[in-house]
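So you can see what is in the structure, the chains are spelled out below.
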Amino acid sequence: AQSAEEELKMLYDRQKKKDVKVDFDDLLPLALTLLRRDVSVKSRLQNRFRYVLVDEYQDVSALQFDLIGALAHGCDSPRLTACGDPDQSIYSFLNGNAYNNFEHFMSKWPMTRLIKLSKNFRSSSTVVKAAAALIAVNPDTPTSTAAHCWTDNKEGAKLSICSFANDDREVNWVCDEVQRCRREGV
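Residues numbered from 1 in each chain as written. Predicted model: local features only at pLDDT ≥ 70, side-chain atom pairs only at ≥ 80, totals over all residues. Heavy atoms only, no water.

## Description of the packing of aromatic side chains
For any pair of aromatic rings, the description rests on two quantities: the centre-to-centre distance and the angle between the ring planes.
So, step 1. Scanning the model with the defined rule gives five aromatic pairs in all.
So, step 2. Seen from their ring centres, Tyr-57 and Phe-105 are 5.2 Å apart, and the 70° between their planes marks the pair as edge-to-face. Of this pair, Tyr-57 sits in the loop between β1 (52-54) and α4 (62-72) while Phe-105 sits in helix α6 (residues 98-108), placing them 48 residues apart in sequence. For the pair Tyr-57 and Phe-105, one class covers both residues: buried.
So, step 3. Members of the aromatic cluster, each reached through a chain of ring pairs, are Tyr-57, Phe-65, Phe-102, Phe-105 and Trp-109.
So, step 4. If you follow Lys-108 out to its NZ or CZ, it ends over the ring of Trp-109, 5.8 Å from the centre. (Phe/Tyr/Trp six-rings, centres within 6.5 Å; stacked < 30°, edge-to-face > 60°. Helix = DSSP H or I, 4+ residues; strand = E, 2+ residues; numbered from the N terminus. Buried < 20%, exposed > 50% of the residue type's maximum accessible area, 1.4 Å probe, protein only. Lys NZ or Arg CZ within 6 Å of the ring centre and 35° of its normal.)

Structure (structure tokens):
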């Protein structure tokens, strides 16, 4: 027996097909299917995009990885670039371990060269040191990639750690802080 949610999804998918429509969640799977089925489309896209750059690679899903592979198939590594920081993954709850993404990339394209960018140009040294300390004790961080971030930037304001009983209290605190900063001209 189907759940109400499964039945609703089935009806929704059936109606989309009947109306010849797609929604956002259909775009990547349909693009990948097209590249796998139509060699001429795949070839045209591979020739059109001589270079493929994937930013925020730490958050790439398995589907996106397959799409990158379809577009870059036959590319040697100088034509394919992935950049990102596994310690800044925001979708790991969906996509698994971000470190595995980079290992998977390097095994798929063995000519890969890893270039670590450890200088931070944006944040104060206070923030960079705090981030490096947190990354260093993260059990998911491989010891070979432990954070060696640094910056020439000055120390910034002292950091605060806040804990909230629930999301509503957190939202209220953030709103209050934004209003306080605006009043103070920050």
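Next comes the rest of the write-up.
## Some thoughts on the pattern of salt bridges
So, step 1. Per the counting criterion, the structure on display carries eight salt bridges.
So, step 2. Its salt-bridge partner being Asp-66, residue Arg-36 comes within 3.6 Å of it at the nearest N-O pair. Of the two residues, Arg-36 sits in helix α2 (residues 24-37) while Asp-66 sits in helix α4, which places them 30 residues apart along the sequence.
So, step 3. Members of the salt-bridge network, linked through shared partners, are Lys-9, Asp-13, Lys-16, Asp-23 and Asp-26. (Salt bridge = Lys/Arg side-chain N within 4 Å of Asp/Glu carboxyl O.)

Spatial relationships are all this shows, so hold off on functional conclusions.
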